[in-house]
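These are the residues of each chain, in order.
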Amino acid sequence: NVLHKPFDDAKIRAAMFYALNQEDFLKAVVGTDEYYKICKAMFICGTPFETSAGFEDKLESNFKKAREMLAEAKYDGTPVVLMHSTDLQILTNLAPVAKSLMERAGFKVDMQSMDWQTVVARRAKKDVPASGGWHAFLTSWVAGDLLNPVMAGFVNAGCDKAMFGWPCDKEIEKLRDEFARSGDPARQKALAEAIQVRISEYPTHVHLGQYNVPTARRKNISALLEAPAPLFWNVEKK
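Cut-offs used in this document
Residues numbered from 1 in each chain as written. Predicted model: local features only at pLDDT ≥ 70, side-chain atom pairs only at ≥ 80, totals over all residues. Heavy atoms only, no water. Buried < 20%, exposed > 50% of the residue type's maximum accessible area, 1.4 Å probe, protein only. Helix = DSSP H or I, 4+ residues; strand = E, 2+ residues; numbered from the N terminus. Pairing = 2+ DSSP bridges. Contact = heavy atoms within 4.5 Å. Disulfide = S-S within 2.5 Å. Axes fitted to C-alpha atoms, helices over the stretch in contact; angles between N-to-C directions.

1. Some details on the pairing of strand β2 (residues 80-85)
Okay, step 1: Burial analysis of β2 places six of its six residues in the buried class, the great majority of the element.
Okay, step 2: Pairing analysis gives six bridges linking β2 to strand β3 (residues 109-114), with the strands arranged parallel. From the neighbouring strand, V81 faces β3, where its bridge partner is D110.
Okay, step 3: As judged from the two bridges shared by β2 and strand β4 (residues 136-137), these two strands associate in the parallel manner. Considered in β4, the bridge of L82 is made with A136.

See the structure below:
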C-alpha cells in the first residue's frame, strides 16, 4: 500500500525485493518441488514475455542489502501491518513466512490474522493502518490472468484507478498504454521487459514464483482441455 508510511517510499518497498525469496514461500505452500518453479519473470516463465530483467540480484533474501536500503531511506521502524489470511489453505502459510523474512531484513511487522473475506473487505480501505487500514497482504492468482502488463492487475499504476495499494507511476502507465496499442510482438516483448525493470525501481507488488495444481480424472474421462483452471467443456465420457 503506497498511501502510507513506510511503503509510500519506493526505496523501502524495493527493500522488500531483497528481503524476500521465492523458495521459502513455495516450500511453505506447495512443498513438493516437482510442482513449483522459482521464476523471477513477472509475466510468467514459459511465455513470450519471460524475462528476469531488473530482478537478477533480487528475491534471494539478501538481508544485508535490504538493511542498507532501509538505512538509506531512513526507515523509522514504523510497523508494517501485514494481513494474514487463515482459512484458505493455499494462503495460510504465506504471511508467516513474509513476517519472518521481513524481520530478518530489519522491518518491524504487525501480522494480523483474519479470514479471507475480512482481508477482501479491509484491502479496499484507504484508512491509515492504525485506523483499520493495512500495509501489505499476500494472495495467489491464476497465471492466465498475469500473461502481460495489461492483464496483470497489480501492474496497474494508475493511482486511484489502480488496484488495492494504489501505486501511482506515469512511466509504468505510459509503457502499458504503448504495449496495449502495439501490434508488433517484438516491440511488445521489449515493452514488457521495460515495465518489469521499472517495477524493480517503483515496486507495485512482489512476484513470489509459480506452482502447478495437480488434477485427477477417471480413466473413462478424456478430451479435457489444458488450461490454468478446470474447464468443463469438450469433455468425453466413455
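2. Quick notes on the environment of V206
Okay, step 1: If you trace the backbone, V206 turns up in the loop between α8 (185-201) and β5 (210-211).
Okay, step 2: A relative accessible area of 26% places V206 in the partly exposed class.
Okay, step 3: Taking the C-alpha atoms as reference points, V206 and Q22, 184 residues apart in sequence, are found 9.8 Å from one another.
Okay, step 4: Among all residues touching V206, those that are not within four sequence positions of it are M16, F17, L20 and L59.

3. What about the state of the cysteines?
Okay, step 1: Tallied over the entire structure, the rule returns two disulfides.
Okay, step 2: In this model, C39 is linked to C45 through a disulfide, with the two sulfur atoms separated by 2.1 Å. Linking C39 and C45, the disulfide has an S-S dihedral of approximately 100 degrees and is accordingly described as right-handed.
Okay, step 3: One disulfide in the model links C159 with C168; its S-S distance is 1.9 Å. Between C159 and C168, the disulfide has an S-S torsion of 65 degrees and is therefore right-handed.
Okay, step 4: In this structure C168 comes out as partly exposed when scored by relative accessible area, which is 41%.
Okay, step 5: With its disulfide-bonded cysteines labelled consecutively along the sequence, the protein chain is connected as 1-2, 3-4.

4. Quick word on the sheet that holds β2
Okay, step 1: Pairing within the open sheet is parallel, and its three strands lie in the order β3-β2-β4. Each edge of the open sheet is held by one strand with a lone partner, namely β3 and β4.
Okay, step 2: In the packing of helix α5 (residues 94-105) onto the sheet, contacts are made with β2 and β3, and the angle to β2 comes to roughly 155 degrees.
Okay, step 3: Contacts from helix α6 (residues 116-123) reach β2, β3 and β4 within the one sheet, and its direction differs from that of β2 by about 140 degrees.

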